[in-house]
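# Structural description and commentary
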Amino acid sequence: MRVVSDLDTWLRVREILDDVSVGFVPTMGALHEGHLALIRRSAADNERTVVSVFVNAPQFNDPSDLQGYPRSLEGDVRMAADAGADIVFAPTHETMYDDGYRYRVTECDLGRTLEGAHRPGHFDGVMTVVLKLLNLVRPTRAYFGEKDYQQYLLIHGMADAFFLDAEIVACPTVRETDGLALSSRNVLLSPEARELAPRFAEMLAGAEGPDVVRRRLEDAGFDVDYVEDIAGRRYGAVHLDGVRLIDNLSLEDDE
């Protein structure tokens, strides 16, 4: 395992990988089993796997969310290595945004709905940093979890629009045994909120329409941002105990 933080060293390391297939798993750290599943998939598909650990400030529209985001680089490196990663790229904010975030990627359709509507500027930050990382890592394949399915669609579309070589690979959502989608933010839930949290996924999967599901979630104690069905998929976002949770599922799986 090698950990690289500065850009000059990274560029030298990347030259060594020119003759092998490279899998890439971009993360913001605080790794959990969902990330590790992506890393294992990459290690199985490719000769080398790179994991980035970078808390991307521009995608946070809430400063308190950025401040409270869990960080544990030493533990992340150990977990990534155990899952099969070969290199962790952990750049600084100054490295990634030497331009002061003057240049950014904006998508003007899907990116303005759902998460984009409730978190202004969020997807500009996501797509901008992913484009930068894809250009730096130049992977054969890049892996994204379906828990953030809207994000996956936007990144897949961006890769097509900008003629990027990387194959954008979606991997199934990893869940706790009680059904809660794994997220780095889950550790911020109080014990009482953690006990209630699995009902989010349970109610989202109900046969009722979005309006009924929204009312049921609110009655159960969730503060609901949205529940919407779009193109055969149901998306939801809620707040619980001050922690924002998102999830989604395919409506076609049950047909």
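Use the structure listed above.
The rules behind each value
- Residues numbered from 1 in each chain as written.
- Predicted model: local features only at pLDDT ≥ 70, side-chain atom pairs only at ≥ 80, totals over all residues.
- Heavy atoms only, no water.
- Helix = DSSP H or I, 4+ residues; strand = E, 2+ residues; numbered from the N terminus.
- Rg over C-alpha atoms; globule rule 2.2 N^0.38 Å.
- Buried < 20%, exposed > 50% of the residue type's maximum accessible area, 1.4 Å probe, protein only.
- Contact = heavy atoms within 4.5 Å.
- Areas by Shrake-Rupley, 256 points an atom, 1.4 Å probe, with all protein chains shown as cover.
- Lys, Arg positive; Asp, Glu negative; His and termini not counted.
- Charge placed at Lys NZ, Arg CZ, Asp CG, Glu CD.
- Core = buried A, V, L, I, M, F, W, Y, C linked by side-chain atoms within 4.5 Å.
- Phe/Tyr/Trp six-rings, centres within 6.5 Å; stacked < 30°, edge-to-face > 60°.
- Lys NZ or Arg CZ within 6 Å of the ring centre and 35° of its normal.

### A closer look at the overall build of the protein chain
What the protein chain contains, in helices and strands, is 11 helices and nine strands. Here the protein chain has a C-alpha radius of gyration of 18 Å; the compact-globule value for 255 residues is 18 Å, and the two agree. Its C-alpha atoms put the protein chain at 55 × 40 × 35 Å along the principal axes. Within the protein chain, the proportion of its 255 residues that are buried is 50%. A separation of at least 24 residues holds for 69% of the contacts in the protein chain among residues at least 6 apart in sequence. On the protein chain, roughly 12,300 Å² of surface is accessible, and the fraction owed to carbon and sulfur atoms is 47%. Here the protein chain carries 26 positive and 45 negative side-chain charges, and the mean point of each set is 2 Å from the other.

### Notes on the nonpolar core
If you look at the biggest cluster of nonpolar residues, it comprises 39 residues, and the most contacted ones within it are Trp10, Val50, Val130 and Ile168. Sorting the residues of this core by element identifies helix H1 (7-16), strand E2 (22-27), strand E4 (87-89), helix H7 (122-137), strand E5 (141-145), helix H8 (149-161) and strand E8 (233-240) as the ones contributing at least two each. For this core, the leading source of residues is H7, giving 10 residues. Every residue in contact with Val50, bar those within four places of it in the chain, is listed here: Trp10, Leu17, Val22, Gly23, Phe24, Val25, Ile87, Phe89 and Val137. Of all hydrophobic cores here, the second largest spans 17 residues; its members include Ala193, Phe222, Val238 and Leu245.

### A look at unusual backbone geometry
The phi dihedral of Tyr101 is positive, around 65°, even though this residue is not glycine. Position of Tyr101 among the secondary structure elements: in the loop between helix H5 (93-96) and helix H6 (115-118). Using a relative accessible area of 13% as the deciding quantity, one classes Tyr101 as buried. Unlike most non-glycine residues, Arg138 shows phi in positive territory, near 50°. On the secondary structure map, Arg138 appears in the loop between H7 and E5.

### What about the packing of aromatic side chains?
All chains considered together, the criterion is met by six aromatic pairs. Each ring, one from Phe60 and one from Tyr69, has its centre 5.8 Å from the other, and the planes form 75°; the classification is edge-to-face. Relative to Tyr152, the ring of Tyr149 lies with its centre 5.5 Å away and its plane at 55°, an arrangement referred to as tilted. You can see Tyr149 and its partner Tyr152 sitting in helix H8, three residues apart, about one turn around the helix. Among the aromatic residues, those joined into a ring-pair cluster are Phe54, Tyr97 and Tyr101. Taking the ring centre of Tyr101 as reference, the NZ or CZ of Arg104 above it sits at 3.7 Å. Cation over ring: Arg233 sits above Tyr149, and NZ or CZ is 3.7 Å from the ring centre.

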